[in-house]
Amino acid sequence: MSQQLHFLLIDDDRKQATHTEKLLKTVGNSLQLEWVADLDRGLERVEKGDLDGILLRISDNVPRAAIAQLRGANRTIPIVVSVTQNQMEAAAESLRQGAQEFIIEEFLTAERLLEAAKYAVDVMKNRVALEAANEQFRESDLRMRAVLNASLDCIITLDTKGHILEFNPAAENTFGYT
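Residues numbered from 1 in each chain as written. Predicted model: local features only at pLDDT ≥ 70, side-chain atom pairs only at ≥ 80, totals over all residues. Heavy atoms only, no water.

J.: I'd like a rundown of helix H2 (residues 39-48), residues and numbers included.
T.: Those residues of H2 not exposed but buried are Leu-39, Gly-42, Leu-43, Arg-45 and Val-46. Angular distribution of buried residues about the axis of H2 spans 165°; they occupy a single face of the element. Turned more than 90 degrees off the buried face of H2, the exposed positions are Asp-40, Glu-44, Glu-47 and Lys-48. In this structure Asp-38 caps H2, since a side-chain oxygen of it lies 3.2 Å from the backbone nitrogen of Asp-40. Following H2 by one or two positions, Gly-49 adopts a phi angle in the positive range, close to 85°. (Buried < 20%, exposed > 50% of the residue type's maximum accessible area, 1.4 Å probe, protein only. Helix = DSSP H or I, 4+ residues; strand = E, 2+ residues; numbered from the N terminus. Arc of directions from axis to C-beta. Polar contact = N/O pair within 3.5 Å; in protein donor to acceptor, adjacent residues only side chain to side chain.)

What follows is the structure, given as C-alpha cells:
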C-alpha cells in the first residue's frame, strides 16, 4: 500500500496531537492526520466522508460509547485507538466495540503508528469483502432453494457417502416422505 492515508485524529489534548503530527513527519507523507478536538466535531467530519480511517485518543473526556457513535456515522471506517499503559482495559473494550487496532502511547513511534493505520485499513477492507461475500452466498442459497422448491421434477442431493442432504417437495410427493 503505497498511497497516502488520510486519518482523522480525535484528540482533546492539542499538545499531544501536535506531537503526534510532528512524529509522523519523520516517516514522510504516508499518513496525513487531520485533527479535531472532540468527538462531536469528529462525528461531523466522519459524516462528510473522504477519510481512510480514524485515530481516536482515549482520555477521560472520551465517552465509552465513542466507538459505537463513530460506527454509527460510518460503519466501515477503520478505527485505531491510542491508549496509555494504564488504559489496557479501555483498549480491549474498544476492540470489542469495533476498533481494528490500538497503540500504546508510551511506545508510540511514527513507524508503529503507520503500521497500525495500514493494518486497520487492511482489516476493515477484508471485513467488508467478507460481509459482501457472505451476502452473495445468502442470496445464492435463497435462489437455489426457490428453484428446488418450485421445481416439478424430483431433486435429491446426496453427499459422497450417499446421505441425503436435500429432498425437494416434488421428491417428497413422489416418494411419500416429508
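J.: Please set out the nonpolar core residue by residue, giving values where relevant.
T.: The biggest cluster of nonpolar side chains holds 20 residues, and the ones touching the most others in it are Ile-10, Ile-54, Leu-56, Leu-70, Ile-79 and Val-81. Looking at this core, the elements with two or more residues in it are strand E1 (5-10), H2, strand E3 (53-57), helix H3 (66-73) and strand E4 (79-83). The contacts of Leu-56, once residues within four sequence positions are left out, are Ile-10, Val-62, Ala-66, Ile-67, Leu-70, Val-80, Val-81 and Ser-82. Core analysis: the next-biggest nonpolar cluster, separate from the first, contains 19 residues, Phe-7, Leu-31, Leu-55 and Leu-113 among them. (Core = buried A, V, L, I, M, F, W, Y, C linked by side-chain atoms within 4.5 Å. Contact = heavy atoms within 4.5 Å.)

J.: Lay out the pattern of salt bridges with the relevant residues and their values.
T.: The full count for this structure, using the stated rule, is twelve salt bridges. A salt bridge links Glu-93 to Arg-96; the shortest N-O distance between them is 3.0 Å. One end of the pair, Glu-93, and the other, Arg-96, are both in helix H4 (residues 88-97), three residues apart, so they sit about a helical turn from each other. Glu-93 gets classed as partly exposed once you look at its relative accessible area, which sits at 24%. Its salt-bridge partner being Glu-166, residue Arg-145 comes within 3.2 Å of it at the nearest N-O pair. In this pair, Arg-145 is assigned in helix H5 (residues 110-150) and Glu-166 in strand E7 (residues 164-167), connecting sequence segments 21 residues apart. (Salt bridge = Lys/Arg side-chain N within 4 Å of Asp/Glu carboxyl O.)

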